[in-house]
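Now for the letters of each chain:
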Amino acid sequence: MKKKKMNTRLKINFLFIPILVFIIFLSIAYALFNDSLNINGVATTIEYYEGEKLPVSAVIRDSSNNRYYTQDTTKNGLSFASESWQDDTYSLNMKKAFATSGGEYTINYTITFTNNTEATFSSGEVVTEITSNTGSMLKGASTTISKSEVKPGESVDITMTFHVNVSWRYYIEEAKATISYNVQGKKRYMYFIVKYST
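Residues numbered from 1 in each chain as written. Predicted model: local features only at pLDDT ≥ 70, side-chain atom pairs only at ≥ 80, totals over all residues. Heavy atoms only, no water.

(A) Fine view of the packing of aromatic side chains. By the definition in use, this model includes 10 aromatic pairs. Note on Y69 and F80: the rings are 5.8 Å apart at their centroids and 15° apart in plane angle, and the pair reads as stacked. You can see Y69 sitting in the loop between β1 (57-58) and β2 (70-71) and its partner F80 sitting in strand β3 (residues 78-86), a full 11 residues away along the chain. Using a relative accessible area of 7% as the deciding quantity, one classes Y69 as buried. Joined through ring pairs, the aromatic side chains of Y69, F80, Y109, F162 and Y196 make up one cluster. (Phe/Tyr/Trp six-rings, centres within 6.5 Å; stacked < 30°, edge-to-face > 60°. Helix = DSSP H or I, 4+ residues; strand = E, 2+ residues; numbered from the N terminus. Buried < 20%, exposed > 50% of the residue type's maximum accessible area, 1.4 Å probe, protein only.)

(B) Representation of unusual backbone geometry within the structure. Positive phi, close to 55°, is recorded for N66, a residue that is not glycine. Positive phi outside glycine occurs at S136, with the angle close to 55°. Within the element layout of this structure, S136 appears in the loop between β6 (122-133) and β7 (138-145).

(C) Representation of the pairing of strand β9 (residues 173-183) in the model. Burial analysis of β9 places 9 of its 11 residues in the buried class, which makes it a mostly covered element. As judged from the 9 bridges shared by β6 and β9, these two strands associate in the antiparallel manner. Counted as the bridge partner of I130 is A175 from β9. Judged from the 11 bridges that link them, β9 and strand β10 (residues 186-197) form a sheet pairing that is antiparallel. Bridge pairing links Y181 to R188 in β10. (Pairing = 2+ DSSP bridges.)

(D) Inspection of the sheet that holds strand β4 (residues 89-96) at higher detail. Spatially, the 5 strands line up as an open sheet ordered β3-β4-β10-β9-β6, and their pairing is mixed. Strand pairing shows two members of the sheet lacking a second neighbour, β3 and β6, which therefore form its edges. Within the sheet, the average angular offset between the axes of one strand and its neighbour, ignoring direction, is 15°. (Axes fitted to C-alpha atoms, helices over the stretch in contact; angles between N-to-C directions.)

(E) A look at the environment of K147. Structurally, the position occupied by K147 is in the loop between β7 and β8 (155-165). Its relative accessible area of 30% is what places K147 among the partly exposed residues. Residues K147 and E125 lie 22 residues apart in sequence; the distance between their C-alpha atoms is 9.3 Å. With near-sequence residues (within four places) excluded, K147 lies in contact with E154, S155, V156 and Y181. Polar contacts involving the side chain of K147 include one to the main-chain carbonyl oxygen of S155, which spans 3.3 Å. (Contact = heavy atoms within 4.5 Å. Polar contact = N/O pair within 3.5 Å; in protein donor to acceptor, adjacent residues only side chain to side chain.)

What follows is the structure, encoded as structure tokens:
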């Protein structure tokens, strides 16, 4: 009877000792490699935007004509031809009538976009360049943005100012604004083009 009890104890010890050694080994291994097991960073559910396109939503400013732009003044001999907002570029084409008379004037064209993302747009900048001025009638072009930081849900006005001495001649006046914001640590861009043609 004593022999049976000893055998049972030996069997229990035989199982218990390896399990205890294994648990001690795991504890020591965890303590040694604790730093390498930590995951540094922040989990987020915000969508990540690829590429260089500024992720914006276009706003219809002129609801009566269903157009994206508005202008502050109207000039005889100059009329709306077409517009498009595709991907990262808004283009506005204005038509010069055959009998358009000369004379200097300034027109402000304004478009609006909304930040419909969950990310904040920061460090807004704009650069304007004259891309066509064969008749030297475009005296100057500049662009302003209403906000340099755009929080989710906010809107921004972009205004391009055309200073021209235009006539009906078959010249093309065109300017391009490059608008940039930092989104998720990367510069993203959109383009605003205004063109006068006959």
